[in-house]
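One letter stands for each residue in the lines below.
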2 protein chains.
Amino acid sequence: MGEALAGLKRSCMCCDVNETMIGKEVTVMGWVQRRRDLGQLIFIALRDKTGLVQIAIDGNVAEKELFEKAESVRSEFVLAVRGQVAPRTEGNINPNMKTGTIEIIATELRILSEAETTPFQIEDNISVKDDLRFKYRYLDLRRPSQLNNLVLRHKVVQVMRNFLDQENFLEIETPILGISTPEGARDYLVPSRVHPGSFYGLPQSPQQYKQLLMVSGMDRYYQIAKCFRDEDLRADRQPEFTQVDMELSFIDVEDILDINERMMQKVFRDILNVEIPLPLKRMTYKEAMERFGSDKPDVRFGMELVNISEVVGDTDFVVFKTALEAGGSVRAINAKGCGAFPRKKIDSLVEFVKTYRAKGLAWIAINEDGSLKTQIAKFFTEEKLAEIVERMDGKPGDLILICADQDKVVFDSLGALRLELSKMLELTKADDFNFLWITEFPMLEWDEEAGRFVAVHHPFTAPMDEDIDLLETDPGKVRAKAYDIVLNGYELGGGSIRIHRRDVQQKMFGLLGFTMEDAQQRFGYFLDAFKYGAPPHGGLAFGLDRIIMLMCGASSIRDVIAFPKVKDASCPMTDAPTVVDEKQLDELAISIKKEILVSEEAE
Amino acid sequence: MGEALAGLKRSCMCCDVNETMIGKEVTVMGWVQRRRDLGQLIFIALRDKTGLVQIAIDGNVAEKELFEKAESVRSEFVLAVRGQVAPRTEGNINPNMKTGTIEIIATELRILSEAETTPFQIEDNISVKDDLRFKYRYLDLRRPSQLNNLVLRHKVVQVMRNFLDQENFLEIETPILGISTPEGARDYLVPSRVHPGSFYGLPQSPQQYKQLLMVSGMDRYYQIAKCFRDEDLRADRQPEFTQVDMELSFIDVEDILDINERMMQKVFRDILNVEIPLPLKRMTYKEAMERFGSDKPDVRFGMELVNISEVVGDTDFVVFKTALEAGGSVRAINAKGCGAFPRKKIDSLVEFVKTYRAKGLAWIAINEDGSLKTQIAKFFTEEKLAEIVERMDGKPGDLILICADQDKVVFDSLGALRLELSKMLELTKADDFNFLWITEFPMLEWDEEAGRFVAVHHPFTAPMDEDIDLLETDPGKVRAKAYDIVLNGYELGGGSIRIHRRDVQQKMFGLLGFTMEDAQQRFGYFLDAFKYGAPPHGGLAFGLDRIIMLMCGASSIRDVIAFPKVKDASCPMTDAPTVVDEKQLDELAISIKKEILVSEEAE
């Protein structure tokens, strides 16, 4: 049932009550965390957004009606409480609670809303299945950890907006009902009622709109933009996600990196009180692959890849030999201090890399006495093994893990193995924030099947100035003005300088195997816009959900989204998506394919 | 073609160049507004976001190459110009230009991008068809008025966010891929690939999500939220529009009005330097209808409605008599100073009210000599006419316009007539901002057809405390805790306090003719949430596009949206919505109804 508020005003939040208010009257409102009865004494822990405060009702002093009402209170009832702030008696002081030295002696108590027993306790560190959590997300959000994630998200976005505002960016909204393009990931479609048979597409990013805003002279744009991809979900993917999206005119790579690293510094300083030293480390794509086997390396720990192709170049060991002859490489990492891993554990590492298409791992364990234990002993001389160990800076107690294959397989396998080992050995701390820029991405990669180059980023990405001539002579070597920002092994964001020169764009399309006429058909209105004077421009987009996840130390982006979808892209709370009235479909001139209807009826 | 930026850095924006910089070197970048050739002297007006600056190239001094390049420049070319700031010669000073006293003597000029002739001039006060403007919206946005609308929009939103942040609101994103509900306006639907035959609905507002956030204890929520309605477009409607959406817990009507009027005051003060006096005027729904015939009255001018039913109560004039006997009323407005309107003009007013279902207008013109001219002379005594005139405060030169019908028709007709006359007589100024709150909306209205009450706002709107007993005795008289904020005859926003008490909600559903079980089926998860302790809460949503339109003095919300849709809900720039690949539809298990395909083939 519940009583009305009827003019009662909250005077402060629960955690604002403090010792300076002793003797004063306050009115607080919130949810009952718990009630404790000690004979004639009732204690209620009342919770609001800020935390808990203790309410005390003394049966020897309080009116009978008030006491009985307090007795009827259950967990999650919503109360308004008026009373006097008093110091707690010494034995009752709780140093773990912000309001642990005081309590409110209630003089009025209103039950604004009763509550049934909740499907799970409103507390952190409880074990609840995700299905249940997200079905009752409005209760899950009452748990302090989940609430605080959203508070942090709010603060981060506010800091970003104020920063970008000061840097003369305009926040501009671009359409959600956009156009579907056949390129890239799968679009969500929206049938049009006014144009039967036609569809809007929900944007995968505001890429083309933001470039057009540059053509229109907006100079600097940003948007906290909802983006959509109809792809199968993974732990850190959602059908709709949020990008901090920006674009700037009359700038080059340096300007964009500078602004964005200053923004991240400000966010981490203001919100987490963590100082990020600037400029951020930078690493070329090539170096990142060579040293870490990844274009989003976690550089909080070492265990870097070492190319030992030359050391083993003269080997007869067929695994290495085949790889090298096929143009691949032999690389290794030194798992420091893992030399005593039992054979079973080493075998599990061998199995692990097979998911990355490696055929196996060669390994050399260095015993504490300096002797070697290895499954490849018979293929190499003692000198050669010693040379490998030396090249890998192997010390007693180390484990050297070697992979031989095509570069891509070697990088993927050892890159992933490195991360797996760091988890196993707990080498990293979540609150150690290690940023870096990855730069100089390749512009094009050869697509064997299509027999032509494809754009690594997108066909509007500009080549590096010093590589423009290579477009003619050796396109595969051209590096792009593209960059990613990486934090602790996660790609936080990325972007590029765009091509604004028509001649360069023409060359680019040529390399991708289509003429300007083809391009016109494909990119139509977008290319038209560039006829009327386009400024040099470029931009970047951050994955906001991921940034917040890392800042919160959460394990999934679902924990930093108010109402997330689960694995099958459904919302367990609302049950969306749902079946709709036939009438609605008629208006849209669409129908559901018969097979579906039949199979549903059969159920 | 275009040259590369190649390390050249912009030193300032065009309009930042000023007299204190005379003699200094600057680098500016932007678009060519116009080029003027005076023999050996070339002037280029260069435009960026901030405005124009004059570039001068003197053929007697400049290098030949530079001069020739300047000669080749056309309108809308994109340039980077390095040069020295110099005072203009006296005859060249332009007091209408912010940078009118200086110019930049170019020492380097780079053509970053050439431009074809644009489909229309990049200037304000040109006459371009909307179709063309929105097809080339990226050029339309180069016009200062359009650019400035987006700049103002950015600033308004930034002020609002900072205000709400300081008032302890959390900005929380709610889903775009939501659930479709059969109530209210038509939803946009999104077919699900993972759940064939099921659909997401795009939200018409985050209403239920924001109420659930209150149930989850977020205390104060806001969002600049994209909302969607698949309804036929009008001048100030778009398929997607933006709401400033908020919800608060543990508050009542006064708190919401207070916060929001302070927010509007701050926005108008910070952005337009206009002082809005607080508290805003308030008017009950009843008073607004009686005095202005509208629940969103423009109170910048008088010409109020006067109920003359009693004065004419004893009439035999059949039009008045019939209306009164049917429970209607006779009301009039005094169109001050319109007594000399020619008959034709008065007739057009009579025609005008017919679109509001009035059967006609009776009129009394007061001649300068005090005599009356009226088409109803024969139905009334001179004394009665004089009484009407007196009641209407009629003075020589006035025109009294009388409408008799059911109240709704009278209000609609005279309300609209009042606005029409104010336009005719130019009684209002766009920069005179007159806010007011409309309060105490009726809770229920009787639906003749359904034979039951329907909710005026929505079924979760709380009744006024003092009217709760009327729910049992006289539900039609119950006033709701609902309120609108009105500016110059436009509804800027509205909201209500929600029902948080289960007993009241039950009564409400009863009046609307369904049991709690029906309600459970209809509102399912939403009602469930209220079982676990709901705080008293309420909120408000502003139509952002409309606020910006009024602040800019724009005539349509399309002028304050970066990429708006036009009348048929299409985007002339991208041509969205479009036909998509059959493969995409297959994946979604939907097909387009045959009739459509056939009729398209026939075209």
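Residues numbered from 1 in each chain as written. Chains lettered and ligands numbered in written order. Predicted model: local features only at pLDDT ≥ 70, side-chain atom pairs only at ≥ 80, totals over all residues. Heavy atoms only, no water.

For chain A, the name recorded in an unreviewed UniProt entry is Aspartate--tRNA(Asp/Asn) ligase, with Anaerotignum propionicum DSM 1682 as its organism. UniProt, in its Sequence similarities (unreviewed entry) section for chain A, records the words "Belongs to the class-II aminoacyl-tRNA synthetase family. Type 1 subfamily." Checking UniProt for chain A, the heading Subunit (unreviewed entry) contains the comment "Homodimer." (UniProt positions renumbered as here; feature names shortened; annotations may be inferred.)

## Concerning the overall build of chain A
On a plain count of helices and strands, chain A comes out with 17 helices and 23 strands. Projected onto its principal axes, the C-alpha coordinates of chain A cover approximately 95 × 75 × 60 Å. Within chain A, buried positions represent 58% of all 603 residues. Once local pairs closer than 6 in sequence are excluded, the contacts in chain A between residues at least 24 apart make up 67%. Looking at chain A as shown, the accessible area adds up to about 25,600 Å², and 48% of this sits on carbon and sulfur atoms. For chain A, the centre of its 76 positive side-chain charges and the centre of its 98 negative side-chain charges are spaced 2 Å apart. (Helix = DSSP H or I, 4+ residues; strand = E, 2+ residues; numbered from the N terminus. Buried < 20%, exposed > 50% of the residue type's maximum accessible area, 1.4 Å probe, protein only. Contact = heavy atoms within 4.5 Å. Areas by Shrake-Rupley, 256 points an atom, 1.4 Å probe, with all protein chains shown as cover. Lys, Arg positive; Asp, Glu negative; His and termini not counted. Charge placed at Lys NZ, Arg CZ, Asp CG, Glu CD.)

## Digging into the relation of the copies chain A and chain B
The transform that puts chain A on chain B rotates by 180° and translates by 0.0 Å along the axis, for an RMSD of 0.0 Å. This pairing of chains is accounted for by a two-fold axis. (Least-squares fit on C-alpha atoms with pLDDT ≥ 70 in both.)

## Examining the pattern of salt bridges
As enumerated under the stated definition, the model contains 112 salt bridges over all chains in all. Residue R82(A) pairs with E25(A) through a salt bridge whose shortest N-O separation is 3.0 Å. Highlighted residues: R82(A) in strand β4 (residues 78-87) and E25(A) in strand β1 (residues 25-38), separated in sequence by 57 residues. Owing to a relative accessible area of 47%, E25(A) belongs among the partly exposed residues under this scheme. Residues R269(B) and E275(B) are paired through a salt bridge, measuring 2.7 Å at the closest nitrogen-oxygen approach. Relative accessible area serves as the criterion here: at 48%, E275(B) is assigned to the partly exposed category. The network of salt bridges with shared partners includes D130(A), R133(A), R137(A), D140(A), R143(A), R558(A) and D559(A). (Salt bridge = Lys/Arg side-chain N within 4 Å of Asp/Glu carboxyl O.)

## Things to note about the sheet that holds strand β5 (residues 102-113) of chain B
In a beta sheet, neighbouring strands pair by backbone hydrogen bonds and run either parallel or antiparallel. Residue and element names in this part refer to chain B. With mixed pairing, five strands are arranged side by side around a closed barrel as β1-β2-β3-β5-β4. On average, adjacent strands in this sheet sit at an angle of 55° to one another, irrespective of strand direction. Relative to strand β3 (residues 51-58), strand β2 (residues 41-48) is paired through eight bridges, and the arrangement is antiparallel. What sits directly across from L46, in β3, is V53. Packing against the sheet, helix α1 (residues 64-72) makes contact with β1 (25-38), β2, β3 and β5, and its axis sits at approximately 75° to β5. (Pairing = 2+ DSSP bridges. Axes fitted to C-alpha atoms, helices over the stretch in contact; angles between N-to-C directions.)

## A short note on a positive patch on the surface
Residues and elements named next belong to chain A. A contiguous patch of positive charge, built from R229, R234, R237 and K296, is present on the exposed surface. Here K296 shows up in the loop between α7 (285-292) and β12 (306-307). With a relative accessible area of 37%, K296 lands in the partly exposed category. (Patch = residues over 30% accessible without salt bridge, like charges linked within 9 Å, V, L, I, M, F, W, Y side chains within 5 Å.)

## Quick look at the packing of aromatic side chains
If you walk through the whole model with that rule in mind, you get 36 aromatic pairs over all chains. Summarising the aromatic geometry, the rings of Y532(A) and Y136(B) are spaced 6.0 Å apart at their centres and angled 90° between planes, so their arrangement reads as edge-to-face. In this pair, Y532(A) sits in the loop between α14 (516-529) and β22 (537-543) while Y136(B) sits in the loop between α2 (130-135) and α3 (137-140), so the two residues belong to two different chains. By relative accessible area, which is 8% here, Y532(A) ends up buried. Owing to a relative accessible area of 16%, Y136(B) belongs among the buried residues under this scheme. Here F460(B) and F509(B) contribute two aromatic rings whose centre-to-centre distance is 6.3 Å and whose plane-to-plane angle is 90°, an arrangement assigned as edge-to-face. Remark: F509(B) occurs in helix α13 (residues 502-511) and F460(B) occurs in the loop between β19 (452-455) and α12 (470-473); sequence separation between them is 49 residues. (Phe/Tyr/Trp six-rings, centres within 6.5 Å; stacked < 30°, edge-to-face > 60°.)

## Regarding the nonpolar core
One finds F435(B) and F542(B) to be the most contacted residues of the largest nonpolar core, which totals 102 residues. Examining the composition of this core, we find that nine residues originate from one element, helix α6 (residues 253-272) of chain B, more than from any other. Among all residues touching F542(B), those that are not within four sequence positions of it are T242(B), Q243(B), V244(B), M246(B), N260(B), M263(B), M264(B), I485(B), L492(B), G493(B) and I547(B). Of all hydrophobic cores here, the second largest spans 101 residues; its members include F268(A), F530(A), I561(A) and V151(B). (Core = buried A, V, L, I, M, F, W, Y, C linked by side-chain atoms within 4.5 Å.)

## Quick look at unusual backbone geometry
Cis geometry marks the peptide bond from L278(A) to P279(A); its omega dihedral reads -10°. Inspection of the secondary structure puts P279(A) in the loop between α6 (253-272) and β11 (281-284). One non-glycine residue, A569(A), lies in the positive phi region at around 65°. In this structure, A569(A) sits in the loop between α15 (544-552) and α16 (582-588). Using a relative accessible area of 4% as the deciding quantity, one classes A569(A) as buried. For D575(B), which is not glycine, the phi torsion reads 70° and is therefore positive. Assignment of secondary structure puts D575(B) in the loop between α15 (544-552) and α16 (582-588).

## Overview of the interface of chain A and chain B
Contact with chain A, which involves 129 residues of that partner, is made by 130 residues of chain B. For the pair chain A and chain B, the summed buried surface comes to about 11,500 Å²; carbon and sulfur atoms form 59% of the total. For chain A, the biggest contributors to the area lost against chain B are E173(A), F250(A) and Y532(A); these three give 7% of the whole. At the boundary of chain A with chain B, the tally comes to 16 salt bridges. Note that D586(A) is salt-bridged to K593(B), the shortest N-O span being 2.2 Å. Looking at the side of chain A that touches chain B residue by residue, the class counts come to 67 nonpolar, 27 polar and 35 charged. Sheet topology places strand β23 (residues 590-592) of chain A next to strand β23 (residues 590-592) of chain B; three bridges connect them, and they run antiparallel. (Buried area = accessible area lost by both parts, 1.4 Å probe. Nonpolar A, V, L, I, M, F, W, Y, C, P; charged D, E, K, R; others polar.)

## Side note on a nonpolar patch on the surface
Taken together, the side chains of M424(A), L425(A) and L427(A) define a hydrophobic patch exposed on the protein surface, amounting to about 210 Å² of accessible area. Relative to the assigned elements, L425(A) resides in the loop between α11 (407-424) and β17 (435-439).

## Examining the environment of A326(B)
Tracing the chain through its elements places A326(B) in the loop between α8 (318-325) and β13 (329-335). The sequence separation of A326(B) and V560(B) amounts to 234 residues, and the corresponding C-alpha distance is 46 Å.

## Here we look at the UniProt feature "binding site: ATP" (unreviewed entry) in chain A
All names here are of chain A. Mapped onto this numbering, the UniProt entry gives "binding site: ATP" (unreviewed entry) at R229, D230, E231, Q238, E491, G543, L544, D545 and R546. Positionally, E491 belongs in strand β21 (residues 490-497). Filtering out sequence-adjacent residues up to four positions away, E491 remains in contact with K296, D484, I485, V486 and R546. In contact with G543, other than residues within four places in its own chain, are T242 and L492.

## Regarding the packing of helix α9 (residues 343-354) of chain A against α11(A)
Residue and element names in this part refer to chain A. For the pair α9 and α11, interaxial distance at closest approach is 9 Å and the crossing angle is 140°. The angle between α9 and α11 falls in the class oblique. For α9 against α11, the interelement crossing comes out right-handed. Note on element contacts: α11 touches α9 through S413, A416, L417, E420, L421 and M424, opposite K345, L349, F352 and V353. (Parallel < 35°, antiparallel > 145°, perpendicular 65-115°, else oblique. Left-handed = near helix turned anticlockwise from the far one by under 90°.)

## Overview of the UniProt feature "site: Important for tRNA non-discrimination" (unreviewed entry) in chain A
Residue and element names in this part refer to chain A. UniProt's feature table lists "site: Important for tRNA non-discrimination" (unreviewed entry) at G91, given in the numbering used throughout. Topologically, G91 is positioned in the loop between β4 and β5 (102-113). Judged by its relative accessible area of 76%, G91 is exposed.

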